[in-house]
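Breakdown of the fold
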Amino acid sequence: MIVKKGSFDNTGKIVTNGVNSLGIYGNNGVISSGYGNSGNFLARNTMIETTGVESHAVVLDRKKGIANGDNSSLNFNNQAVIKNNTEGTIGIYANSGATFNHTWQDFYDPSELGQPSYLVPIATGSLVSKIESGFGAIGIYVEGVSTQGVVKAPIYVLGSTVNYTGVGVYSDGVGKVTFDSQVLKASGGSTSVTKRAELHMGTGTIGLYTNNGSNFSDVFIINSLDAYIGNNSVLGYLDNAIASISNLENVYVQQLGANSTLIYGANNSEITIDSNLTIPINGGTVSSSSQAYTAENSIVTLN
């Protein structure tokens with residue numbers, strides 16, 4: 001599906017399985033969501049799924065629009081399921097000032113509370129809003145100045161492969177992603193519940209990675225995040241970086257698997273931890289072989 005101008009509202013299923021295929025592609029023009037907000041297109045109560053080599057689910061290519069002489073804004077709002085199943089692919093890719101929101105659906109069924117979001121059936125579950133990236137795939141990739149995303153719903157990265165490391169959120173070093181909470185109202189009632197953003201990391205994956213590790217705390221703005229860190233996985237990986245990490249205070253660690261760590265410094269990194277940290281909460285699990293911080297040929301200093 002190609003969106004250049006106007007409005008696009010997806011309420012069904014988009015499934016692609018070819019090589020170099022895309023679920024949704026948008027690049028230029030003012031795109032309306034149907035909610036009256038200028039510059040949006042919306043995927044809701046539905047699924048966007050890709051299976052195939054170099055097949056990405058959602059591509060927000062504002063760079064192409066600017067190159068064509070159209071400087072209009074480009075925004076994507078997701079309250080549905082996005083799945084990119086193949087290694088080397090991306091769930092949501094955004095560049096050159098494109099923006100997006102990945103949020104829970106507006107209402108919830110009280111009977112769904114307490115269930116992991118991935119177990120709630122798509123047909124009936126109003127809590128199902130997630131990005132699910134397969135082994136060796138990337139959930140979100142942001143690139144370019146002014147490119148920004150807001151994440152309030154779960155991201156799952158299933159694992160890694162021989163050739164590709166699974167990554168939850170990848171930044172080029174300037175594109176930014178904010179993790180935040182969301183208040184949901186019960187359908188048919190007046191009660192509400194607050195849900196944090198969720199990042200679920202399978203075995204051997206990286207939750208957050210930026211090409212410029214010195215900007216780690218600038219590009220990943222964490223206001224509210226539940227972190228589930230699987231075996232041999234890391235929340236944040238910094239490579240050859242001099243960095244002050246000040247964005248961990250609002251990370252709620254729910255799981256630290258075997259040989260996992262929160263921050264991993266590699267290749268002569270010099271990292272200062274300037275955040276308090278909560279491990280674990282509400283019955284979260286911590287493996288005896290996990291570590292809060294790991295330095296490989298690097299220095300980690302706790303302030």
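Up top you'll find the structure we're talking about.
Residues numbered from 1 in each chain as written. Predicted model: local features only at pLDDT ≥ 70, side-chain atom pairs only at ≥ 80, totals over all residues. Heavy atoms only, no water.

**Some words on the overall build of the protein chain**
Scanning the protein chain from terminus to terminus reveals two helices and 32 strands. Relative to its full complement of 303 residues, the protein chain shows a buried share of 55%. In the protein chain, the share of contacts with a sequence separation of at least 24, taken over all contacts with a separation of at least 6, comes to 81%. As displayed, the protein chain offers around 12400 Å² of accessible surface, 47% of which is attributable to carbon and sulfur atoms. (Helix = DSSP H or I, 4+ residues; strand = E, 2+ residues; numbered from the N terminus. Buried < 20%, exposed > 50% of the residue type's maximum accessible area, 1.4 Å probe, protein only. Contact = heavy atoms within 4.5 Å. Areas by Shrake-Rupley, 256 points an atom, 1.4 Å probe, with all protein chains shown as cover.)

**Section: the layout of surface pockets**
Empty space within the second largest pocket amounts to approximately 160 Å³. Every residue along the wall of the second largest pocket is listed here: E54, H56, G88, I90, G136, I138, Y164, T165 and V167. Of the residues belonging to the lining of the second largest pocket, the class tally is four nonpolar, four polar and one charged. (1 Å grid on protein atoms, 1.4 Å probe; cavity = no way out; pocket = protein on both sides within 12 Å on 5 of 7 lines; lining within 4 Å. Points joined across faces, edges and corners; volume = space filled by probe spheres on them. Nonpolar A, V, L, I, M, F, W, Y, C, P; charged D, E, K, R; others polar.)

**Concerning the side chain of S269**
Topologically, S269 is positioned in the loop between β28 (261–266) and β29 (270–273). A polar contact of 3.0 Å, which involves the side chain of S269, links it to the backbone nitrogen of N240. Contact partners of S269, with chain neighbours within four places excluded, come to L238, D239, N240, A241, N297, S298 and I299. (Polar contact = N/O pair within 3.5 Å; in protein donor to acceptor, adjacent residues only side chain to side chain.)

**Side note on the sheet that holds strand β32 (residues 299–302)**
By definition, the strands of a sheet pair up through backbone hydrogen bonds, in either a parallel or an antiparallel sense. The parallel open sheet is built from three strands, whose spatial order is β26-β29-β32. Each having just a single partner strand, β26 (242–245) and β32 make up the two edges of the open sheet. Strand-to-strand twist of the sheet, defined as the mean angle between neighbouring strand axes without regard to direction, takes the value 15 degrees. Relative to β29, β26 runs parallel, the two being bridged by four bridges. Bridge pairing links A243 to I271 in β29. (Pairing = 2+ DSSP bridges. Axes fitted to C-alpha atoms, helices over the stretch in contact; angles between N-to-C directions.)

**Some points on the nonpolar core**
Of all hydrophobic cores here, the largest spans 47 residues; its most connected members are I140 and L235. Each residue touching L235, except ones within four places of it in the same chain, is listed here: L199, M201, I206, G207, L208, A227, I229, L248, V251, T261 and L262. Counting 13 residues, the second-largest nonpolar core is a separate cluster that includes V59, Y93, Y141 and I206. (Core = buried A, V, L, I, M, F, W, Y, C linked by side-chain atoms within 4.5 Å.)

**Description of the side chain of H102**
Summarising the element assignment, H102 is placed in strand β11 (residues 99–102). A polar atom in the side chain of H102 sits 3.1 Å from the side chain of N78. Among all residues touching H102, those that are not within four sequence positions of it are N78, A80, S129, K130, I131, V150, V151, K152, A153, P154 and I155.

**Some thoughts on the packing of aromatic side chains**
The geometry of two aromatic rings is summed up by the distance between their centres and the angle between their planes. Taken as a whole, this structure holds six aromatic pairs when the rule is applied. Where Y141 meets Y170, the ring centres are 4.6 Å apart and the plane angle is 10 degrees; that geometry is what we call stacked. In this pair, Y141 is assigned in strand β14 (residues 138–143) and Y170 in strand β17 (residues 167–171), connecting sequence segments 29 residues apart. The exposure classification of Y141 matches that of Y170, with both residues buried. Every member of this aromatic cluster is reached through a ring pair, and the members are Y93, Y141, Y170, Y209, Y237 and Y264. Above the ring of Y156, the side-chain terminus of K130 is found at 5.7 Å from the ring centroid. Across from the ring centre of Y252, 4.0 Å away, lies the NZ or CZ of R196, which sits over that ring. (Phe/Tyr/Trp six-rings, centres within 6.5 Å; stacked < 30°, edge-to-face > 60°. Lys NZ or Arg CZ within 6 Å of the ring centre and 35° of its normal.)

**Comments concerning the pattern of salt bridges**
Where charged atoms from two side chains of opposite charge approach closely, those side chains can pair. Throughout the structure, instances matching the rule amount to three salt bridges. Between K83 and E132 there is a salt bridge, and its shortest N-O distance comes to 3.7 Å. Of this pair, K83 sits in strand β9 (residues 75–84) while E132 sits in strand β13 (residues 130–133); the two residues are 49 residues apart in sequence, bridging distant segments of the chain. With respect to class, K83 is no different from E132; both count as buried. When the shortest N-O distance is used, the salt bridge between K130 and E132 registers 2.9 Å. Like E132, K130 is buried. Each of the salt bridges in this network shares a partner with another, and the network as a whole consists of K83, K130 and E132. (Salt bridge = Lys/Arg side-chain N within 4 Å of Asp/Glu carboxyl O.)

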